[in-house]
Amino acid sequence: MTPISYRMVGQYDQLFQIDIGADGSYILQSGSYRSASPRRGSLNSALQANINRLAGAVRSPPPPPPEVADGFVSELVLNPGRSAEVIRWWGPLHEEDSPLARLVGLLVILTGVVSAA
């Protein structure tokens with residue numbers, strides 16, 4: 001699968017970072033003023049295939065209008081290393097059905113940082 005690193009940082013020292021290796025293993029770090037210990041796990045083959053499909057369709061989002069941007073900065077790195085493709089954006093993703101938004105949502109939900117509700 002495509003190795004991925006996703007990180008979101010923002011106000012009040014918010015942090016969410018997940019690094020997924022080519023074998024589907026991941027390391028999750030999250031927290032705010034108090035951070036939790038890093039969590040490690042492995043994605044099943046169905047999730048790996050879904051993430052890989054979405055990663056192949058990801059395109060950079062257009063910049064948001066200044067009046068709707070907020071203090072959160074996100075970065076998605078596909079194939080970390082020499083051939084890395086880095087996508088950065090400021091504020092929320094406004095195209096909720098884009099491959100990028102679906103990929104980020106899946107990464108956040110599958111690691112249990114937020115509920116699926």
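Residues numbered from 1 in each chain as written. Predicted model: local features only at pLDDT ≥ 70, side-chain atom pairs only at ≥ 80, totals over all residues. Heavy atoms only, no water.

Visitor: I'd like to hear about the environment of Ile87, residue by residue, with values.
Guide: Turning to its location among the elements, Ile87 is positioned in strand β6 (residues 85–90). Ile87 gets classed as buried once you look at its relative accessible area, which sits at 1%. Placed 12 residues apart in sequence, Ile87 and Glu75 show a C-alpha to C-alpha distance of 5.6 Å. (Helix = DSSP H or I, 4+ residues; strand = E, 2+ residues; numbered from the N terminus. Buried < 20%, exposed > 50% of the residue type's maximum accessible area, 1.4 Å probe, protein only.)

Visitor: How would you summarise helix α1 (residues 45–57) if you had to cite specific residues and measurements?
Guide: If you check α1, its first and last C-alpha atoms are 19 Å apart, about what 13 residues at 1.5 Å a residue would give, namely 18 Å. Listing the buried residues of α1 in full gives Gln48, Ile51, Leu54 and Ala55. Summarising the axial view, the buried residues of α1 lie within an arc of 135°, below the 170-degree limit, and thus occupy one face. Among the exposed residues of α1, those oriented more than 90 degrees off its buried face are Ser45, Ala46, Arg53 and Gly56. Check the buried side of α1 and you find it contacts β1 (4–10), β2 (14–20), β5 (73–78) and α2 (99–110). The distance from a side-chain oxygen at the start of α1 to the backbone nitrogen of Ala46 is 3.1 Å, and the residue carrying that oxygen is Asn44. (Expected span 1.5 Å × (residues − 1). Arc of directions from axis to C-beta. Contact = heavy atoms within 4.5 Å. Polar contact = N/O pair within 3.5 Å; in protein donor to acceptor, adjacent residues only side chain to side chain.)

Visitor: Run through the sheet that holds β1, naming residues and quoting values.
Guide: Strand order in this open sheet of six strands is β4-β3-β2-β1-β5-β6, and the pairing throughout is antiparallel. Among the strands making up the open sheet, the edge pair consists of β4 (39–42) and β6. The mean angle between the axes of side-by-side strands here comes to 10°, regardless of whether they run parallel or antiparallel. Along the sheet, α2 makes contact with β1, β2, β5 and β6, crossing β1 at roughly 85°. (Pairing = 2+ DSSP bridges. Axes fitted to C-alpha atoms, helices over the stretch in contact; angles between N-to-C directions.)

Visitor: Got a sec to walk through the packing of aromatic side chains? Specific residues and values, please.
Guide: Inspection of every chain in the model, using the stated rule, returns two aromatic pairs. Between Tyr6 and Phe16, the aromatic rings sit 5.8 Å apart at their centres with planes inclined by 55°, giving tilted as the arrangement. Of this pair, Tyr6 sits in strand β1 while Phe16 sits in strand β2, and the two are 10 residues apart along the sequence. Comparing Tyr6 with Phe16, the two get one shared label, buried. Seen from their ring centres, Tyr6 and Trp89 are 6.2 Å apart, and the 20° between their planes marks the pair as stacked. Separated by 83 residues along the polypeptide, Tyr6 in strand β1 and Trp89 in strand β6 bring together distant segments of the chain. Each member of the pair, Tyr6 as well as Trp89, carries the same accessibility label: buried. One aromatic cluster in this structure is built from Tyr6, Phe16 and Trp89. (Phe/Tyr/Trp six-rings, centres within 6.5 Å; stacked < 30°, edge-to-face > 60°.)

Function-wise, these values are silent; they only describe arrangement.
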